[in-house]
Amino acid sequence: MTPASQTQPIGQMLIAGAAVRGVGAEIHGFDPTAGIELGPGYRYGDASHVDAACAAAAAAFGPYRSTPAEARARLLEAIADGLVAITDDLVARAHAESGLPRARLTGELGRTAGQLRLFAAVLREGSWNGARIDTAQPDRTPLPRPDLRQRAVPLGPVAVFGASNFPLAFSVAGGDTASALAAGCPVVVKAHDAHPGTSELVGRVITDAVAASGLPPGTFSLLNLTQDGAITLVTDSRVKAVGFTGSRAGGLALVDAAARRREPIPVYAEMSAVNPVFLLGGALVRGADLGRAFVESLTLGSGQFCTNPGLIVAVDGPGLDAFIDAACEAVAGSAATAMLTPGIAESYRAGVEALTGQATLIARGSADGDAAVSCRAALFSTDAVSLLGSPTLQAEVFGASSLIVRCADFEELRTVAAGIDGQLTATLHADESDHDQAAALLPILELKAGRIVFNGWPTGVEVTHAMVHGGPFPATSDSRTTSVGSRAIERFLRQVCYQNAPAALLPTALADGNPERLWRRVDGELTRD
C-alpha cells in the first residue's frame, strides 16, 4: 500500500529523509484555471537548510558513488515505480497547480518514469564508464609505455532546479535528477514555486525509494528557496555541478554565481530559444497545410514549450502568402488558454507588446478567458533586415507568439540563418526539389542548433539515446551537452586515468579479464574481451 504521506502534500521540505518546515515567507501553489491559491502553505528554507542539505549530500557522496551500478539502477526503477503508483493523486495535484490537461500530465508522468528506466538501462549496459585501456609496452624505444587505464567518475553533489512548464519531466525527478543519480551524484533539488505540492509528492517518492534501497539519506533533498537562497545553494562549496531549465536571466544568474566561486563549477542551463523554421520553395507548394500545422504546434500548451516555433523564415512569394493566410485564420480561431502562472502570463503580454512596437501584428487569438492568466496567440511579420537589426525581434517570448520573416531571396534567407542566435532546434521544410538549398543551409544550422528537424515541428522531445536537447548560447550555457537522452549522464562525470596501477587496486570497470563484460577500448579496439 502506498504510504498516506505520499499521496497528499503537507507543506514540507525534505532534507536527507526528514520532513522539515521552512522559516521564510509563505508561498502557495496557484490554480490558474480556477484563479485560486492552493493549500497547504510552504515556507522558504534559509541558509541553514541549504547547509544541512549540502552537508548530507557531501556525506552521502562517498558511499553512494561506491555503490554498484546495479544498485543505482534499482533505485531509479524504484522511483519510477513509486511515481506510477500514485498516478491519480500526482496528476490531480499537477493539474491543479499548472492548469495543464490531465491527459498531457499523464503522458508526462509516463515520460518521467521512462527516462528513469532509461538511465537504469544505461547503467547496466555500462558504456557510460568510458573504459579505455592502453596496455604497457615495456620494450618500446626510446622509452617504454606505461599501462594506462581510463574511466569516468562522478563529480559530486548536484543542485537541480525544477522547471515551470514541465512539473514532472523537467522537475524534481526529471532528466537532470535521473542522470545525476545515475552518474553516482547525490542531488539537492530546488522546487519550482509554481508547483510546490507536486514537487513534495515526487520528493517523497524519491526519499522513500532511497530509504528502501538502503542508500545514504543525503542522496536526495528537496528545498523551497528564494532567489537569494538559490544562489546560496549554487555557491556552496560542496555542490559540484548545477542542472537548470528556465529563463535566460535565471540561468545566467546561476552561471555568474558559479563562475565567481573559489572553485568554479559547471552550470548546465537550458535557457531560451526561438527555434527557427525555414520553409523552402518546394515545400511551400503545401503552404496552406503547413500554415495550419504550424499553428497547432505554436498554440500547443499555450506555447509554453522551450521548443516552440517562434520564428518562421521563408522567401516571399505565393507559397508564403498561402502559408500566412492559413496561419492567420488558424490563429484568429484559436481560443485563449490558461498559462502556468500569473507571472508567466504577464511576461508573455510584455513580450507581445515589445514585438508590437517593432513588427507588424497580423493575427491575434480569441480574447475570451481570464485576462490574469490567459494566453492569446499572436502572429507577427517582419523583414530580414529588421530581424537582424533588432535584439527584441530575436528574443524568446514564452508563449504562443511567433514572428514570420519575409526574405527577398534564398541568399537573404541564408543570411538570416547565419545571423540568428544559438537555438535548441532548427527546422527545415524541404521537398526533394529543395535538397540543394537544404544542403547549403545545413552547415550553418549545425552551428546554430542542437537538433535539426526535417518536415516536422520542433515541439516534443523524444527521450532516446540519440536525442540532443541543447545548443549554442543562449539556448544553453554549455553547447557540448544534452539535458535529454542517455548522454545527459556525461554532464556529471569526469575522466580519471590510472597509470601502472596494481591489478588489486584497479576499479572493476578496468580490471584484467573484464569481469563486468563491458565494452572497452583496448589498445584502440572496441571489444568486450
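A brief look at the structure comes next. (Residues numbered from 1 in each chain as written. Predicted model: local features only at pLDDT ≥ 70, side-chain atom pairs only at ≥ 80, totals over all residues. Heavy atoms only, no water.)

**What about empty space enclosed by the protein?**
Empty space among the atoms becomes apparent when a probe as large as a water molecule is rolled across them. Evaluated as defined, the whole model comprises 5 cavities of 30 Å³ or more. Taken as a whole, the largest cavity spans an internal volume of roughly 140 Å³. The wall of the largest cavity is formed by 18 residues, among which Val274, Gly310, Glu396, Val397 and Ser401 lie closest to the centre. It is strand S18 (residues 401–407) that provides the largest number of residues to the lining of the largest cavity, a total of 3 residues. Here the residues of the lining of the largest cavity sort into 10 nonpolar, 7 polar and 1 charged. Looking at the second largest cavity, its volume works out to about 90 Å³. Sorting the residues of the lining of the second largest cavity by element identifies strand S10 (241–245) and strand S11 (267–270) as the ones contributing at least two each. Per element, the largest residue contribution to the lining of the second largest cavity is 3 residues, and it comes from S11. Across the lining of the second largest cavity, the residue classes tally to 3 nonpolar, 7 polar and 4 charged. (1 Å grid on protein atoms, 1.4 Å probe; cavity = no way out; pocket = protein on both sides within 12 Å on 5 of 7 lines; lining within 4 Å. Points joined across faces, edges and corners; volume = space filled by probe spheres on them. Helix = DSSP H or I, 4+ residues; strand = E, 2+ residues; numbered from the N terminus. Nonpolar A, V, L, I, M, F, W, Y, C, P; charged D, E, K, R; others polar.)

**Some remarks on the packing of helix H3 (residues 69–85) against helix H7 (residues 196–212)**
Packed helix pairs are specified by the crossing angle of their axes together with the interaxial distance, meaning the distance between the axes. Interaxial distance between H3 and H7 falls to 9 Å at its minimum, and their mutual angle equals 140 degrees. As summarised for this structure, H3 and H7 are arranged oblique, according to the angle between their axes. Our pair here, H3 against H7, has a crossing hand that is right-handed. Residues Leu75, Ala78, Ile79, Gly82 and Leu83 of H3 form the contact with H7, whose own contacting residues are Val202, Val205, Ile206, Ala209 and Val210. Per-class residue counts for the contact of H3 with H7 are 9 nonpolar, 1 polar and no charged. (Axes fitted to C-alpha atoms, helices over the stretch in contact; angles between N-to-C directions. Parallel < 35°, antiparallel > 145°, perpendicular 65-115°, else oblique. Left-handed = near helix turned anticlockwise from the far one by under 90°. Contact = heavy atoms within 4.5 Å.)

**Remarks on the pattern of salt bridges**
Per the counting criterion, the structure on display carries 25 salt bridges. With its nearest N and O atoms 3.2 Å apart, the salt bridge here joins Asp523 to Arg145. One end of the pair, Asp523, is in the loop between strand S22 (520–522) and strand S23 (525–527); the other, Arg145, is in the loop between strand S5 (132–134) and strand S6 (148–154), with 378 residues separating them in the sequence. Residue Asp523 is classed as partly exposed on the basis of its relative accessible area, which comes to 43%. The partner of Asp512 in a salt bridge is Arg149, with the nearest N and O atoms 2.9 Å apart. Of this pair, Asp512 sits in the loop between strand S21 (493–499) and S22 while Arg149 sits in strand S6, and the two are 363 residues apart along the sequence. (Salt bridge = Lys/Arg side-chain N within 4 Å of Asp/Glu carboxyl O. Buried < 20%, exposed > 50% of the residue type's maximum accessible area, 1.4 Å probe, protein only.)

**A closer look at the layout of surface pockets**
For the largest pocket, the calculated volume is near 1200 Å³. What lines the largest pocket is a set of 41 residues, among which His192, Phe244, Gly246, Ser247 and Gly250 lie closest to the centre. Of all the secondary-structure elements, those providing two or more residues to the lining of the largest pocket are helix H8 (227–234), S10, helix H9 (248–259) and helix H12 (342–356). Top element by residues in the lining of the largest pocket is H12. It accounts for 7 residues. The class makeup of the residues in the lining of the largest pocket is 19 nonpolar, 16 polar and 6 charged. For the second largest pocket, the calculated volume is near 400 Å³. Taken together, 22 residues form the lining of the second largest pocket, with Thr67, Ala69, Trp128, Asn129 and Arg151 sitting closest to its centre. Looking at the lining of the second largest pocket, the elements with two or more residues in it are H3, helix H5 (102–125) and S6. Broken down by element, the residue count for the lining of the second largest pocket peaks at 4 residues, all from S6. Across the lining of the second largest pocket, the residue classes break down as 11 nonpolar, 5 polar and 6 charged.

**Remarks on the sheet that holds strand S8 (residues 187–190)**
One open sheet holds the 7 strands; their spatial order is S2-S1-S9-S8-S7-S10-S11, and the pairing between them is mixed. Among the strands making up the open sheet, the edge pair consists of strand S2 (18–20) and S11. Each adjacent strand pair in this sheet contributes to an overall mean axis angle of 20 degrees, direction not counted. Here 3 bridges tie strand S1 (residues 13–15) to S2, and the two strands are oriented antiparallel to one another. When the sheet's bridge partners are listed, Leu14 is paired in S2 with Ala19. Taken strand by strand, helix H6 (residues 175–183) contacts strand S7 (158–161), S8 and S10, and its axis lies near 170 degrees from that of S8. Docked against the sheet, H7 engages S1, S2 and strand S9 (220–223), running at close to 160 degrees with respect to S9. (Pairing = 2+ DSSP bridges.)

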